[in-house]
Amino acid sequence: MRRSLLAIVFFVALAALWGAIVRAQIWSPVLLPSPLSVWDYVVNAGRDGTLLSASIVTLRRLLSGYVIGLAIGLPLGLLTASSTFVEDTIGVLALGLQTLPSVCWVPLALLWFGQTESAMLFVVIMGTVWSVVIATDTGVRTIPPIYARAARTMGSRPFHKWTRVILPASLPYLVSGMKQGWAFAWRSLMAAEIYVTILTGFGLGHLLHYGRELNAMDQVIGIMLVIIVIGLLADKILFSPWERFLHRRWGTGKR
Amino acid sequence: MSLQEELQGPPPAKLIVDHVSKWFRQKRQTVHALDDISLKVAEGEFIVIVGPSGCGKSTLLDIIAGLEKPDKGRVLADNEPVLNPGRHRLVMFQESALFPWLNAFGNVMFGLKLKPGLRNSERREVAKFFLHLVGLEKFMEANVHELSGGMKQRVALARALAPNPRVLLMDEPFAALDAMTREQLYGDIQRIWEKRRKTIIFVTHNVREAACLADRVVIMSPTPGRIREVFDITLPRPRDFNSIEIARHASTLTAALKEHGAHATLTG
Ligand SMILES: Nc1ncnc2c1ncn2[C@@H]1O[C@H](COP(=O)(O)OP(=O)(O)O)[C@@H](O)[C@H]1O
Ligand SMILES: [Mg+2]
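Given the structure is predicted, the values throughout are model-derived calculations rather than measurements. (Residues numbered from 1 in each chain as written. Chains lettered and ligands numbered in written order. Predicted model: local features only at pLDDT ≥ 70, side-chain atom pairs only at ≥ 80, totals over all residues. Heavy atoms only, no water.)

Novice: Outline the site of ligand 1, supporting the account with residue identities and numerical values.
Specialist: Residue and element names in this part refer to chain B. Close to ligand 1 lie F24, Q26, V31, A33, P52, S53, G54, C55, G56, K57, S58 and T59. One of the backbone nitrogen or oxygen atoms of K57 is found 2.9 Å away from an oxygen atom of ligand 1. In this structure, an oxygen atom belonging to ligand 1 sits 2.4 Å away from a side-chain N or O atom of T59. The fraction of the free accessible surface of ligand 1 (560 Å²) that becomes covered by protein chains is 64%. Of all elements in the fold, only β2 (30-41) and α2 (57-65) reach the threshold of two or more residues within the shell around ligand 1. Grouping the amino acids of the shell around ligand 1 by side-chain chemistry returns five nonpolar, six polar and one charged. (Near = heavy atom within 4 Å. Polar contact = N/O pair within 3.5 Å; in protein donor to acceptor, adjacent residues only side chain to side chain. Areas by Shrake-Rupley, 256 points an atom, 1.4 Å probe, with all protein chains shown as cover. Helix = DSSP H or I, 4+ residues; strand = E, 2+ residues; numbered from the N terminus. Nonpolar A, V, L, I, M, F, W, Y, C, P; charged D, E, K, R; others polar.)

In C-alpha cells form, the structure reads like this:
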C-alpha cells in the first residue's frame, strides 16, 4: 500500500515537472506537448475506439507470434541441451541469431513476405525463438544431475523424466527466458509495425508512425505511454504469478 | 492391493553382488573403481560399507541400484539380475536430492505416483503415513528451502520408504548434517528399520556410525576399490551412539581401516 502510494506520488511529480518544463517554453509546444494535451489525445482515441482496436490488432499479432516462438523454442532448447549434434548445429545458430537485434529481420521479412501479416509474424517469431532456445538450454544444463538419477530410481522413464523432472527443475530459467522472449517479441513487433505498412490491421506501431508523419507529438507520446502500460500489464499478468510461485518454492527473491 | 497391505510392505530382498568390477575410462586415464567385489546380503540385513572417499562406495551403490552397469560380474536381487533402476531398490543420496519445485508432500508423492496398483487417495494416505513416521506430519506443505538439513533428509527418507522398496540404498545420507541432528537420526533410522524391515545398504566414512547401525560392516580400501574385511556387530538394538561398546567396535574398525592403508575419521 505504502509502496504503491509512493509510486503514484512519483509519477504525479514527474508529470508536474513535465508540465513545468512545457510552461517554461524552452522547446516549442509542437516538439514537447503538455501532459494535458497528451492526456486529451489518449482519452479521445480511447473514446472513439482507435486505441482499443489498434491494441487488439497489436496484441493478437504479438500473442500468436510469441506462442509459436515458444512452441518452437522450448523443444529446440531441450534438444540442444540433450544432443551434442543439435548443440553444435542449432545451438550455435541460436547463439548467433540471438545477438542479432530483431529489427534486422524486418528488411528480410519484407522481401520474403511483402507487406503482409506473415511478415509481422515472422519478425515476432524470430525475435522470440532464439532467446527461448538459449534460456531452455541453459536451464536444462544447470539442473543438478542428481534429480534425474533420483527420479530414475523411483521408476521414472524418459518421457516422464523430461516432463516431470527436467522441465520443472529448469523452471526458473524457463520463466526468465520466456520473459526475455516476450520483451524481444514486443520490441520486434513495434519495429515491424513502424516499418511495415499493411492494410490488414492498424496496430499501435502504425499509430506511432502516423503520429510522426502528421507531426502530432501528442499522439506520438500518448501511444508511447500506451505501449509502456501494456508492457507493464503484460509483465504483471503473464509472469508475476510464475515468479511468485518460483520465489515461494525455491526460496529466491528475498531481500 | 489394499491400503493395509501397502502399509505393511513386501518382504525385504536378498542381494548378491557377484564378482563386480568397474572401470571409468576417461581421456587421460582409466580409474579402476571397483575390483572383484562380492557380497551376499541376507533379507532384512543392515549392511554398512565403510571406506575412505574414492574407494568406490558410491559406485557400488549405483551398480546395486542399477544406475551404473558393472564391467564385470553382476548383481542379483532376489535371484533376478539387476539391469536397470527399479523401485524395489530406492536410493537416498548424500545431498537430499529433494525436488525444489514440489513441497514435502509432493516429494513423497513423486515415487508413489509412479507405483501402479494404487488409487490416488491411497497414495495420499501412504505419503501422510510416512511423513508421520519420520516425524514431519506438520511440515507436509513446507517447501524444500524452508526445511533444515535434518528435516530434508527425513523427507528424503520418507520419499525413499513410501513406495515400499525391498532394498534401501543410503549413500552417506547424514554426512552433511551436524552431530546433534545426526544422532537423532540414528535413533530414528533404527526405530524405522525395526518397524519396517528392509534390506539396507548404508555407506559412510564414519566408523562410529557404522558400529551404531550395522549388522555387518564391510571395510573397503581404495585404488582399486576392494572389500578388505567384514565385521559382524551383534550388539543389541536400539544402540546408543555414545555407548562404550560402540566406541570399542569403532576403534576396531578404525584399526582395520588403518591396517588396509586407509584413514577414516573416528568421529566424522
Ligand atoms: N562418473 C565417473 N567418471 C569417472 N570417474 C569416476 C566417476 N564416478 C566415480 N569415479 C571415480 O571412481 C572412484 C570411486 O568413486 P566413488 O564411487 O564416488 O567413491 P566414494 O563414494 O567411495 O567416495 C574415484 O576415484 C572417482 O574419482
Ligand atoms: Mg561417495
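Still more to cover.
Novice: Run through the sheet that holds strand β1 (residues 15-25) of chain B, naming residues and quoting values.
Specialist: Residues and elements named next belong to chain B. Taking strand neighbours across the sheet as the criterion, the four strands line up as β2-β1-β4-β5 in an open arrangement whose pairing is antiparallel. With one partner strand each, in any of the chains shown, β2 and β5 (80-81) form the two edges of the open sheet. Relative to β1, α2 is tilted by about 120°, and along the sheet it contacts β1, β2 and β4 (72-77). (Pairing = 2+ DSSP bridges. Contact = heavy atoms within 4.5 Å. Axes fitted to C-alpha atoms, helices over the stretch in contact; angles between N-to-C directions.)

Novice: Mind laying out the packing of helix α3 (residues 50-82) of chain A against helix α10 (residues 204-213) of chain A, listing which residues take part and the relevant values?
Specialist: Residue and element names in this part refer to chain A. Viewed as axis vectors pointing N to C, α3 and α10 meet at an angle of 125°, and their least axial separation amounts to 7 Å. Relative to α10, α3 is oriented oblique. Contacts between α3 and α10 pair T50, L51, A54, S55, T58 and R61 from the former with L204, H206 and L207 from the latter. Residues of the contact of α3 with α10, tallied by class, amount to four nonpolar, four polar and one charged. (Parallel < 35°, antiparallel > 145°, perpendicular 65-115°, else oblique.)

Novice: Describe the pairing of strand β8 (residues 199-204) of chain B, naming the residues involved and giving the relevant values.
Specialist: Residues and elements named next belong to chain B. Here β8 lies mainly inside the structure; six of its six residues are buried. Here β8 shows two buried faces, one formed by T199, I201 and V203 and the other by I200, F202 and T204. Across five bridges, strand β3 (residues 46-50) lies against β8 in parallel orientation. Directly across from V48, in β8, lies its bridge partner F202. Pairing of strand β7 (residues 167-171) with β8, which is carried by five bridges, proceeds in the parallel orientation. Looking at the pairing, L168 lines up with I200 of β8. Once you follow β7 into helix α6 (residues 179-195) and on to β8, the crossover reads as right-handed. (Buried < 20%, exposed > 50% of the residue type's maximum accessible area, 1.4 Å probe, protein only. Right-handed = clockwise from strand over helix to strand, strands pointing away.)

Novice: Could you give an account of unusual backbone geometry, with specific residues and numbers?
Specialist: Cis geometry marks the peptide bond from T223 of chain B to P224 of chain B; its omega dihedral reads -10°. Residue placement: P224 of chain B occurs in the loop between β9 (216-221) and β10 (226-232). Residue P238 of chain B is reached from R237 of chain B by a cis peptide bond, and omega for that bond is -5°. Counting through the fold element by element, P238 of chain B comes out in the loop between β10 and α8 (244-259). Phi at N215 of chain A takes a positive value of approximately 60°, unusual for a residue other than glycine.

Novice: Provide a residue-level description of the side chain of D137 of chain A, including the pertinent values.
Specialist: Its location among the elements puts D137 of chain A in helix α6 (residues 117-142). Each residue touching D137 of chain A, except ones within four places of it in the same chain, is listed here: G77, T80 and A81 of chain A.

Novice: Break down the interface of chain B and chain A for me, with residues and values.
Specialist: In this assembly, 24 residues from chain B lie in contact with 22 residues from chain A. Across the chain B/chain A interface, buried area totals approximately 2100 Å², and carbon plus sulfur atoms make up 66% of it. Viewed at the interface, chain A and chain B are joined by six residue pairs in polar contact (both at pLDDT 80 or more). Sorting the residues of the side of chain B that touches chain A by element identifies β6 (89-92) and α3 (104-113) of chain B as the ones contributing at least two each. It is β6 of chain B that contributes the most residues to the side of chain B that touches chain A, three residues altogether. A breakdown of the residues in the side of chain B that touches chain A according to their chemical character gives 13 nonpolar, six polar and five charged. (Buried area = accessible area lost by both parts, 1.4 Å probe.)

Novice: Give me the lowdown on the packing of aromatic side chains, citing residues and values where you can.
Specialist: Residue and element names in this part refer to chain B. In total, this model carries 18 aromatic pairs over all chains according to the counting rule given. Their ring planes at 75° and their centres at 5.3 Å tell us that F46 and W193 sit as a pair that is edge-to-face. Separated by 147 residues along the polypeptide, F46 in strand β3 and W193 in helix α6 bring together distant segments of the chain. By the burial criterion, F46 is buried, and W193 matches it. Ring centres of F46 and F202 lie 6.1 Å apart, and the angle between their planes is 45°; on these two criteria the pair is classed as tilted. In this pair, F46 is assigned in strand β3 and F202 in strand β8, connecting sequence segments 156 residues apart. A relative accessible area of 0% means that F202 is categorised as buried. Three or more aromatic residues joined by ring pairs form one cluster here, namely F46, F174, Y186, W193, F202 and F241. (Phe/Tyr/Trp six-rings, centres within 6.5 Å; stacked < 30°, edge-to-face > 60°.)

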